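Residue strings, one per chain:
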Amino acid sequence: MAFDSAKIPQMISSISYDTPTKRQRPRDMSLAEPPHTMEIAQILISLLHAWGLDPDLDRVCESKLGLLRPMVPVCFGVVSRHGHMAVQLPTRLGSWMNDCASAPDDPLLLTSDLPVELLRQEKLTRLFTSKLHWELSTTLTTNHLLSIVALANTLMSMSNASFVPEQEVIRRLHRPTTRTSSWAGDEEREEQLAAQQAHIKQGWSLLATLHCVLLPDKVVAAGAKNFKRPQVEMLARRWQHHCLEVREAAQALLLAELGRLGPKGRKALVDNWAQYLPLYTHTESINPHAAQKEPVEKVARDQEEEFEEEEEEIVRKPSSLAELKRKQTTAVVLLGVIGAEFGQDIASEGAAGNKRRKDGDSRKSSIVEGFTLSATNNLGRLTALALTHLLLAPSSARLPAHTPLRRAAVDLLGRGFAVWEPYLDVSHVLLGLLEMCSDADKLVPSMTYGLPLTPQADSCRTARHALTLIATARPAAFITTMAREVARCAGAAAGAPPPPAALALQRGRAEVLRGIELLIERMHAEVAELLVEVMDIILHCVDQSHLKSKGLNEVFPAICRYNQVSHCPATRRIAVGSHTGQLAIYELRAGRCQSLAAHAGAVTACAFSPDGRYLVSYATADNRLSFWQSTAGMFGLGAAQTRCVKCYSTAPMADVARLNPARLARLVWTNSRTVTLMLADGSETRFNV
């Protein structure tokens, strides 16, 4: 039974399953019958589970999940992309029998009613699945773990995904029907079903955790002397597999394996693969280490099969140009993952080592600095350039717009933006991501409802996620960069063709607004320091026609959570108080902005009067409340001149540092000439113009 998409290991054996009283051969199955999809899944995951490593989990798998315990050792193998099969047969049977004879008996088997021969087979099977199977091949281990983790995560995402027959009966009986029982009975049934589903999901979660995180330690504890670890390069090539479940499994397994390697292991891995990292100048990739042997073309897009093709367990010199391309592709992804997930640790360790050397500490450092080739040839910079090239390179026959390699570069740019930022042109990266996810609205149905993703929808999903990661990792960089591009677009000469940034911002304005809204929700204080820049971005991205008939709290309600923002629909003006004490007044009719030096410190709150004639501002930094009035520009005619018409000194608040900065003060107009200052300490004071 072959599964090419996920490279599931092939099971070639005649398997018997135990029943409470006797061995029973499964009946023949026809794949045309609908129920057999779940039966096949049951057989596959039953054969893939590492029985014997965790007796408690084994009991959960049988009782809660409905897995079937194999009675004889299973032969595993892999099928290549050319259709060739390699089977790892259980040889050394005599040696295994001796190991089995010396292994301690399981208490569960001692109480079993099975014949002695079946008990011996069961004991041998348990020894094989818990120890011997994991000593066969790194390729087999990698594919096996990918399969079991992907299947477990898929079943965990389903409702009541258990193979126990009773569970299926309950699920079918629980379909919505006309209520004929009491409300109490329905509520009790709902609670039982919810608890049952939680137990099932927990079982699948424990199964995935065993194979993804705990397996190496469990296998070594079981007595394995030569555990074949997963191949990190094989997992790296599946970092953006077209199957989402396999992709998530590969990412989890790779990160777990890199974490187990430790700093020295990752250092060795970096040194091994750094020689294959392509160096980019304009559109060509140059690899000086490989160029001595054969010419290197620009990094080509490997076909999906080549990108996932198996590689030898030991990295060797490339024997062909195609193999060199595969190694370059793997190097970009693998070094990108190490840099994105562990680059900050390496950087901090390097800084600590430099400090010790400056302090004259002559002791040998235990910290390995591995993400640097030399002082002038930084590996982090080279990796960042490679990832940026893959993002921004125009679509071509060699590198189409939507490929696993380009998606991997996009994903790693987002994950490791804090590491790559010093080496990036942030504007180009953000605009490239916006261009890639500009059609998100058209692709949302398939992305939301879990339908199979097209390559375009997959790229859009990845780019959107990368934008979110960048915005939350470096909110100031995201906001200031977007504001700078907005200002550049606004400053373009009239009649001149719009700059490329304008087109990207126009197409991706919905994604920009989504990012700003996310930052306001998650990082309220960080956004408060850049409110003027945020308002520039919002006014550029929202539909200006909506602000003619609606308030800002309807068009973009998230920004109105700040007391430093006020909108006057009557005069079509918006006021924003900045952390520097400036007041920015936007005149939407005239399309211009006026900046005023209002306070000596951050503006705490501001508000327009109901008729729009006055603007009041308050700051706790100087304990001052000021009224402002515009002498012209009521209807957008002429240049409006805003001046301070009255100023009050206010009593200082106690323990300002302990209060929430977003809730320090509010300004509420009671009529067109009276405003109430409401402070966080509960005091209220009225002021008249």
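Numbering of residues begins from 1 in every chain and follows the order in which that chain's sequence is written. A pLDDT threshold of at least 70 governs which residues receive local features in this predicted model, and a stricter bar of 80 or more applies before side-chain atom pairs are shown or counted, although totals over entire chains, interfaces and linings include all residues. No hydrogens and no water enter the side-chain calculation; it runs on all heavy atoms of the structure.

In the annotation of an unreviewed UniProt entry, the entry for the protein chain reads WD repeat-containing protein 7, and the organism field reads Euphydryas editha.

Caption draft 1: Focus on the UniProt feature "repeat: WD" (unreviewed entry) in the protein chain. Here the UniProt-annotated "repeat: WD" (unreviewed entry) positions come out as residues 596-629. The helix and strand labels rest on DSSP assignments: H or I over at least four residues marks a helix, E over at least two residues marks a strand, and numbering proceeds from the N terminus. In this annotation, residues 596-629 is assigned 0% helix and 53% strand; the end-to-end C-alpha distance for the span is 12 Å. UniProt positions are given in the numbering used here, feature names are shortened, and annotations may be inferred rather than shown by experiment.

Caption draft 2: Spatial organisation of the sheet that holds strand 8 (residues 582-587). Note on pairing: two strands pair once DSSP finds at least 2 bridges between them. The sheet built from four strands is open, its strands ordered 6-7-8-9 with antiparallel pairing. Every other strand in the sheet has two partners, leaving strand 6 (565-568) and strand 9 (592-597) as the edge strands with one partner each. Put simply, the sheet's adjacent strands are angled 15° from each other on average, direction ignored. In this structure, strand 8 lies alongside strand 9, joined through six bridges in antiparallel fashion. Bridge pairing links Glu587 to Arg592 in strand 9. In this analysis an axis means a line fitted to C-alpha atoms, helices contributing only their contacting stretch, and an angle means the value between N-to-C directions, from 0 to 180 degrees.

Caption draft 3: Molecular detail of the packing of aromatic side chains. The criterion for an aromatic pair is that two Phe, Tyr or Trp rings (for Trp, the six-membered ring) have centres within 6.5 Å, with stacked assigned to planes under 30 degrees apart, edge-to-face to planes over 60 apart and tilted to the rest. A complete count under the given rule lists five aromatic pairs for this structure. Relative to Trp204, the ring of Phe163 lies with its centre 6.1 Å away and its plane at 85°, an arrangement referred to as edge-to-face. Pair noted here: Phe163 is in the loop between helix 6 (138-156) and helix 7 (165-173) and Trp204 is in helix 8 (residues 183-221), with a separation of 41 residues, a long-range link. A single burial state applies to Phe163 and to Trp204, both of which are buried. A centroid spacing of 6.0 Å and a plane angle of 70° characterise the contact between Phe627 and Trp669, whose relative ring orientation is edge-to-face. One end of the pair, Phe627, is in strand 12 (residues 624-630); the other, Trp669, is in strand 14 (residues 665-671), with 42 residues separating them in the sequence. Under the scheme applied here, a residue whose accessible area is under 20% of the maximum for its type counts as buried, over 50% as exposed, and between as partly exposed, the area being computed with a 1.4 Å probe on protein chains only.

Caption draft 4: Structural context of the confidence of the model for the protein chain. Each residue carries a pLDDT value, the predictor's own confidence for that position, ranging from 0 to 100. Averaged over every residue, the pLDDT of the protein chain is 77; the share at 70 or more is 72%. For this analysis, residues touch if any pair of their heavy atoms sits within 4.5 Å. Every residue in residues 28-32 is under pLDDT 50, and counting partners more than four places away or in other chains gives five contacts. Counted against residues more than four places away or in other chains, residues 91-98, with its pLDDT under 50, gives 10 contacts.

Caption draft 5: The sheet that holds strand 13 (residues 642-649), seen in detail. The strand order across the open sheet formed by four strands is 10-11-12-13, and the pairing between neighbours is antiparallel. Of all strands in the sheet, those with a lone pairing partner are strand 10 (605-608) and strand 13, marking the two edges. Shown here is a sheet whose adjacent strand axes are inclined to one another by a mean of 20°, direction ignored. Where strand 11 (residues 614-619) meets strand 12, six bridges bridge the pair, whose relative direction is antiparallel. When the bridges of strand 12 are listed, Val616 appears paired with Phe627.

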